[in-house]
Amino acid sequence: MNDLLLNIDESFVDWARAQFALTAIYHWLFVPLTLGLAVIMGICETRWYQTRDTFWRDTAMFWQRLFGINFAMGVATGIILEFEFGTNWSNYSWFVGDIFGAPLAIEGIVAFFMESTFVAVMYFGWKKVSPGFHLASTWLTGLGATISAWWILVANAWMQCPVGCEFNPDTMRNEMTSFLDVALSPFAVGKFCHTVISSWIIGAVFVAAVSCWYLWKKREERLAKESIKIAAWVGLFASLGAGATGHVAGQQVAQSQPMKLAAMEALYNGGTDQGLTAVALISPFSQPDYINEPSAPLKIEMPYFLSMMATNDFHGFVPGINDILNGYTTPEGKTEPSVDEKISRGRQAINALSAYRKAKKEGADEATLNDQLTILNKNMQYFGYGFMKDKHQAVPFIPVNFWAFRIMVGLGCIFILFFAVLLAVSYQYPKQLFAKYDIAALPAWHYIIAIILVPLAYIASESGWIVAELGRQPWTIQDMLPTWVGVSNIDSTSVAVTFFLFLFLFTLMLAVEINILLKQIKKGPERH
Amino acid sequence: MNLLRKIYYLYYDGFRHMKLGRTLWAIILIKLFIIFAILKVFFFPNYIKEHAEKGQEADFVAEQVLSN
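Another point: the overall build of chain A. When helices and strands are counted, chain A shows 18 helices and 8 strands. A compact globule built from 528 residues should have a C-alpha radius of gyration of about 24 Å, and chain A, at 25 Å, falls within 12% of that. Overall, chain A is about 80 × 55 × 45 Å in size when its C-alpha atoms are taken along their principal axes. Of all 528 residues assigned to chain A, the portion counted as buried reaches 48%. If you take every contact in chain A between residues at least 6 apart in sequence, the share linking residues at least 24 apart comes to 78%.

When helices and strands are tallied, chain B shows 4 helices and 0 strands. Moving toward the C terminus, one meets the helices and strands of chain B in the order α-α-α-α. Here chain B has a C-alpha radius of gyration of 22 Å; the compact-globule value for 68 residues is 11 Å, and the former is much larger. Taken along the three principal axes of its C-alpha coordinates, chain B extends 60 × 30 × 15 Å. Within the span of chain B, comprising 68 residues, buried residues form 12% of the whole.

Attention now moves to unusual backbone geometry. Residues and elements named next belong to chain A. Of note, the bond from Tyr429 into Pro430 is cis; its omega dihedral lies within 30 degrees of zero at 0°. Residue placement: Pro430 occurs in the loop between helix 14 (398-427) and helix 15 (431-434). Of the consecutive residues Gln473 and Pro474, the connecting peptide bond is found in the cis state with omega at 10°. Summarising the element assignment, Pro474 is placed in the loop between helix 16 (444-470) and strand 7 (475-477). Positive phi, close to 50°, is recorded for Ala266, a residue that is not glycine. Mapped onto the elements, Ala266 comes out in the loop between helix 9 (258-265) and strand 3 (276-279). Among the residues examined, Ala266 registers 25 C-beta atoms within 10 Å and is labelled buried. Phi is positive for Leu298, close to 50°, though the residue is something other than glycine.

Residues and elements named next belong to chain A. One finds Ile40, Trp63, Ala204 and Ala208 to be the most contacted residues of the largest nonpolar core, which totals 156 residues. No other element matches helix 1 (residues 12-51), which puts 19 residues into this core. Here Trp63 is in contact with Leu37, Ile40, Met41, Cys44 and Val207, once residues within four sequence places are set aside. Membership of the second largest hydrophobic core comes to 7 residues, among which are Val121, Tyr123, Phe124 and Leu140.

Moving on, we get to the interface of chain B and chain A. Each side of the interface is counted separately: chain B has 28 residues, and chain A has 38 residues. Elements with a minimum of two residues in the side of chain B that touches chain A: helix 1 (2-16), helix 2 (20-43), helix 3 (47-51) and helix 4 (57-66) of chain B. A total of 11 residues in the side of chain B that touches chain A trace back to one element, the largest contributor, which is helix 2 of chain B. Its residues assigned to classes, the side of chain B that touches chain A shows 19 nonpolar, 5 polar and 4 charged.

Residue and element names in this part refer to chain A. In this fold, Val121 is placed in helix 4 (residues 90-124). Once the C-alpha coordinates of Val121 and Thr141 are considered, the two residues, 20 residues apart in sequence, prove to be 9.3 Å apart. Apart from residues lying up to four places away in sequence, Val121 is in contact with Val129, His134 and Ser137.

With 32 residues, helix 18 (residues 492-523) of chain A extends 46 Å from end C-alpha to end C-alpha; this agrees with the ideal 46 Å at 1.5 Å per step. Within helix 18 of chain A the residues assigned to the buried category are Val495, Thr498 and Met509 of chain A. Each element contacted by the buried residues of helix 18 of chain A is listed here: helix 1, helix 2 (54-74) and helix 3 (79-88) of chain A together with helix 2 of chain B.

With that settled, the discussion passes to the confidence of the model for chain B. In this model, chain B carries an average pLDDT of 91, and 99% of its residues clear a pLDDT of 70 or more. Confidence, read as mean pLDDT per element, is least for helix 1 of chain B in chain B (91) and greatest for helix 3 of chain B (93).

All names here are of chain A. Pairing of strand 1 (residues 165-168) with strand 2 (residues 173-176), which is carried by 4 bridges, proceeds in the antiparallel orientation. Each residue of the ladder has a partner; that of Cys165, found in strand 2, is Met176. In textbook terms, the turn of a hairpin is the stretch between consecutive antiparallel strands, and for strand 1 and strand 2 this stretch comprises 4 residues, one of which, Met172, has a positive phi near 60°.

A word on the domain arrangement of chain A. Residue and element names in this part refer to chain A. On domain assignment, one finds that chain A holds domain 1 (12-257 + 398-523), domain 2 (262-336) and domain 3 (339-391). Computed from C-alpha coordinates alone, the two centres of domain 1 and domain 2 are separated by 30 Å. Tallying the contact residues gives 13 residues for domain 1 and 16 residues for domain 2. Elements represented by at least two residues in the side of domain 1 that touches domain 2 include exactly helix 8 (221-256) and helix 14. Per-element tally for the side of domain 1 that touches domain 2: the top contributor is helix 14, with 7 residues. For the side of domain 1 that touches domain 2, the per-class residue count stands at 7 nonpolar, 5 polar and 1 charged.

Here chain A shows a mean pLDDT of 93. Residues at 70 or above account for 98%. Across residues 1-6 of chain A, where pLDDT falls below 50, the model places 10 contacts with residues more than four positions away in sequence or in other chains.

Residue and element names in this part refer to chain A. Contact geometry of helix 2 with helix 8 gives a least axis separation of 11 Å together with a crossing angle of 75°. Judged on the interaxial angle alone, helix 8 and helix 2 are roughly perpendicular. Between helix 2, through Phe55, Thr59 and Phe62, and helix 8, the contact on the second element is made entirely by Arg222, Leu223, Glu226 and Ser227.

Rules used throughout
Residue positions are given per chain, counted from 1 along the sequence in the order it is written. Note on labels: chains are lettered from A, ligands numbered from 1, in written order. A pLDDT threshold of at least 70 governs which residues receive local features in this predicted model, and a stricter bar of 80 or more applies before side-chain atom pairs are shown or counted, although totals over entire chains, interfaces and linings include all residues. Secondary structure is summarised from DSSP: a helix means a run of H or I of at least four residues, a strand means a run of E of at least two, and numbering begins at the N terminus for each. In this description the radius of gyration comes from C-alpha coordinates, and the expected globular size is given by 2.2 Å times residues to the power 0.38. Partly exposed residues are those whose C-beta has more than 12 but fewer than 20 other C-beta atoms within 10 Å; 20 or more makes a residue buried and 12 or fewer makes it exposed, with C-beta atoms placed from the backbone. Here the contact rule is simple: place C-beta atoms from the backbone, and any two residues whose C-beta atoms are within 7 Å are in contact. Under the definition applied here, buried Ala, Val, Leu, Ile, Met, Phe, Trp, Tyr and Cys residues are grouped into a nonpolar core through C-beta atoms within 7 Å. Under the scheme applied, nonpolar residues are Ala, Val, Leu, Ile, Met, Phe, Trp, Tyr, Cys and Pro; charged residues are Asp, Glu, Lys and Arg; polar residues are all the others, including Gly. For a helix, the expected span equals 1.5 Å multiplied by the number of residues minus one. On a range of 0 to 100, pLDDT expresses the predictor's confidence in each residue. Think of it this way: DSSP has to see at least two bridges between two strands before they count as a pair. The source of the domain bounds is an automatic or database domain assignment. Axes here mean lines fitted to C-alpha atoms, for a helix over just the part in contact, with angles spanning 0 to 180 degrees between N-to-C directions. The labels follow the angle: roughly parallel below 35 degrees, roughly antiparallel above 145, roughly perpendicular from 65 to 115, and oblique for the rest.

Set out below in structure tokens:
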């Protein structure tokens, strides 16, 4: 597997990473559709509540049925990630235990109580509770799933930008000093908004595709036409919103993870007035020679846009990979040390931690302990760099970040266009342009395009996660714990076996889900 | 009491009249069995609990981390 896209070799750490990536990617097939369909079925039921037209109730029930299939297939797939933490990533789990405990416990309780209560009312309560209570339950089911996502994203955001914590050298754990700082960190808020709103795109694309299939097959015309209108509004709002929240997320990355931004852009040497790369000749299979090449070959860029994206200023300073490795000073006078210096200070922190723990065991006096703690605290912000043998270990694998970012943004632009056209065609507005197009009588290839967009929406969403997670390599916790230190001391064979076991199980489960979904789509809505 | 009865019958009637739900619940239960009774037990032991003495976990992690 050497050098195949992710630079995976046979070591335990890379097998553990591959297994985690596989599980997370599989888990993420279900979550965005749950979040997206929740909005659309909520809107359909709201229309029923407003009009009492049984068509809307049947439409809501149809989308709720597909929501239920996806929900059932996704249940508990995330738990496997927690198992992997405990087995493969034990050092990392110990390091973060106190921080992750609260958000994950809240997530579990909220998910269990909110979702199990309101999902039951949504499915079993149509004739048993009042329409208002049922409507509230439908929206609260979606809200419960969204709140669950919040806590998971809080945990993820903390790994990308650790805040509200203090490292305790006695317990070897990061201990929470401010729950609010962790729960409401700007990184978590930005990540939540971008992730949830982009999930609505998948729900909208899915609904548009199923509806287009019905129109293609000349059946369920009213359901398809009305659902397309809702999907087009939700999808256009979400795809524009994903762009706006993505801009905010990009600025946070520029602040907290400049190396990730440099890798996403294949920006070897930065500076002021930086352009945003539209495309460049970056081989997807090997790390480019960022040391010797002045910039990515055959680069086509939008002038000044990277500076604007990163700093809100067309002339802003954006550091490149070599700037970050060698250290730099911004035009405002802010100096960032070189990675070599960070490695040196990280080693001082590690040595101080070792000495502190040894001295404490030997019953050393307070002054000796305090001396070591002072050195540790002074250098703690670079603790993780102390584990590096070479500064180039701080550079993530550029090609995957570069291309995954472009796939995500490129498809995002296609979705904006798609939903804008879908909205215009479904309302036949403006009349001068669209009056002649009846959405129920278009040539088949129009509907096929909508169906093809479903896998593309998933590719865009997964690409976003690939940028987020591979871009922060080598860190499991930013600047604190690199992957090779976070893993357990286990033989790679066991994790390789479970990797292929998961590959088989996940493929089987996905085939089962798609099969059930397709059968229910073919069956169509039930009339009550 | 009346409310409890209503809640009971909401679930009781709901489960009794399930159609597609039966298949989905069967899949969920099989999946939970695989996850908790097979994967967790045989493939995903807690590494620290297995290798560190109780109360000595911090020392164990320190040894693992600082030896890198």
